Amino acid sequence: MGRFESAKLQYKEMGVDVDKALEVLKEIPISIHCWQGDDVVGFDSKLAASGGIQTTGNYPGKATTPKELMSDFDEVLKLTPGKKRLNLHASYAIDNDDRSNVSPIHFRRWVDYAKEKNIKLDFNPTFFSHKMVKDGLTLSHPDKSIRDYWIKHGINCLKIAEYFANELDDVCYVNFWMPDGFKDYPADRIGPRIRMQDSLNKIFSYPYDKSKVIPTLESKVFGIGVEAYTVVSSEFCLCYSLKNNIMPLVDNGHYHPTEMVSDKISSILTFVDKLMLHVTRPMRWDSDHVVSFDDETREIMKEVIRCGSNRIVIATDYFDASINRISAWVTGVRNVQKALLYALLEPSHYLKSLQDKNDFTSLQVKHEQLKLLPLGDIWDEFLRRENVEKDYLKVVKEYEKNILSNR
């Protein structure tokens, strides 16, 4: 008996159908972020990351052109199993340097790429790393001309998302995150939030096709240079989303270190139909480390499966310039999928019945037994079925030798 068949029997004894779990896993799409490949620089302004974010490290081989970034992402697609999407930022427009005038024409090559690779596209307006971010503010700036510039950018991004949806025959999720905030304690907290609300209202009043374009709103607790106050806080986002029928987004790095996103998912889904999730790994705070197969990632994915994976849109969001960028991409995406598999191999109905019967002794014992079951053998079988190389480090190093080292 092979290792997979042996592992399969052990899970069967716990009431788990392994083959069914693998079939579900391969159909859960992961929206993979483009910005790991070039350290969040983009192609429109070439400015270093700013607006509360920072990329550290100078590992050689960074993508600096659309062709290079697409080539690198080709490797990611080859080395990750399951269903994938590509999540673009507006700053990755091709042949454009004015975000207020960004349009579908600047993303035609990305659409052609998506069609060639048979993947779908998601989108993000880029409200950071730009000369029109004034005093750390965009949509909440007291100067109307600054707000108007970014309002136009937001509306144009809805148009681009609709273009993606029409061209690729699928919905496009559009994530709005604004870095607005102050380094030290402000004299006025409500004013910027009222201006932000008004600006968002103007953006979302554009008559986009709501069956094709799904905006989401992402909060943040702090950032570099905006340590004291962020306009778009968790409370602001949730309240705005609920009031205006906008999908909320939770990023597991965008809360205080003691807060657990795994506990927030079910709370939010009690009141909304769908939720978007950005998966990262905060190191003490929001540092966007490469996702690890750690406790919180596993707990998050348990909640995704328990609450219904069709109700949660999963996207990755991290960047590390101190290591091979393709390896960082692949490692993080695979760890999200490993955590999903870990959750799918849980006998959730049985465990729930123990909780409902107040048999917490049995529940604790079963939780501990599950930790030692041979997940790795099931994961290896998933890679085999998806025709994906298990030892991706060898492939990445070869690509680095032949391609990245020559840039």
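Placed above this text is the structure.
Residues numbered from 1 in each chain as written. Predicted model: local features only at pLDDT ≥ 70, side-chain atom pairs only at ≥ 80, totals over all residues. Heavy atoms only, no water.

*Asks:* Sorry, what's going on with the nonpolar core here?
*Replies:* Note that soluble globular proteins tend to have their nonpolar side chains buried in a common cluster. In this structure, Leu88, Trp110, Phe164, Met301 and Ile314 are the most contacted members of the largest nonpolar core, which totals 123 residues. With 13 residues, helix H5 (residues 144-168) is the largest single contributor of residues to this core. Beyond its immediate stretch of four places on either side in the chain, methionine 301 contacts Leu277, Val279, Ile314, Val336, Ala339, Leu340 and Ala343. One finds Tyr173, Ile214, Leu249 and Met276 within the second-largest nonpolar core, a separate group that totals six residues. (Core = buried A, V, L, I, M, F, W, Y, C linked by side-chain atoms within 4.5 Å. Buried < 20%, exposed > 50% of the residue type's maximum accessible area, 1.4 Å probe, protein only. Helix = DSSP H or I, 4+ residues; strand = E, 2+ residues; numbered from the N terminus. Contact = heavy atoms within 4.5 Å.)

*Asks:* Would you take a moment to explain unusual backbone geometry for this structure?
*Replies:* Peptide bonds are, in most cases, trans, and in most cases residues other than glycine have a negative phi. The residue aspartate 169 is not glycine, and still its phi comes out positive at about 55°. For aspartate 169, the position within the fold is in the loop between H5 and strand S4 (172-176). We classify aspartate 169 as exposed; its relative accessible area is 69%. Positive phi, normally seen in glycine, also occurs at arginine 284, with a value near 70°. Along the chain, the position of arginine 284 falls in the loop between strand S10 (281-283) and strand S11 (285-289).

*Asks:* Explanation requested: the packing of helix H1 (residues 3-13) against helix H2 (residues 18-27) in the structure shown.
*Replies:* Two quantities define a packed helix pair, namely the angle between the helix axes and the distance between the axes. Packing of H1 against H2 brings their axes to within 9 Å, and their N-to-C directions diverge by 100°. Looking at the two axes, H1 sits roughly perpendicular to H2. Counted together, Phe4, Lys8 and Tyr11 of H1 and Val18, Asp19 and Leu22 of H2 form the full contact between these two elements. For the contact of H1 with H2, a count of residues per class yields four nonpolar, no polar and two charged. (Axes fitted to C-alpha atoms, helices over the stretch in contact; angles between N-to-C directions. Parallel < 35°, antiparallel > 145°, perpendicular 65-115°, else oblique. Nonpolar A, V, L, I, M, F, W, Y, C, P; charged D, E, K, R; others polar.)

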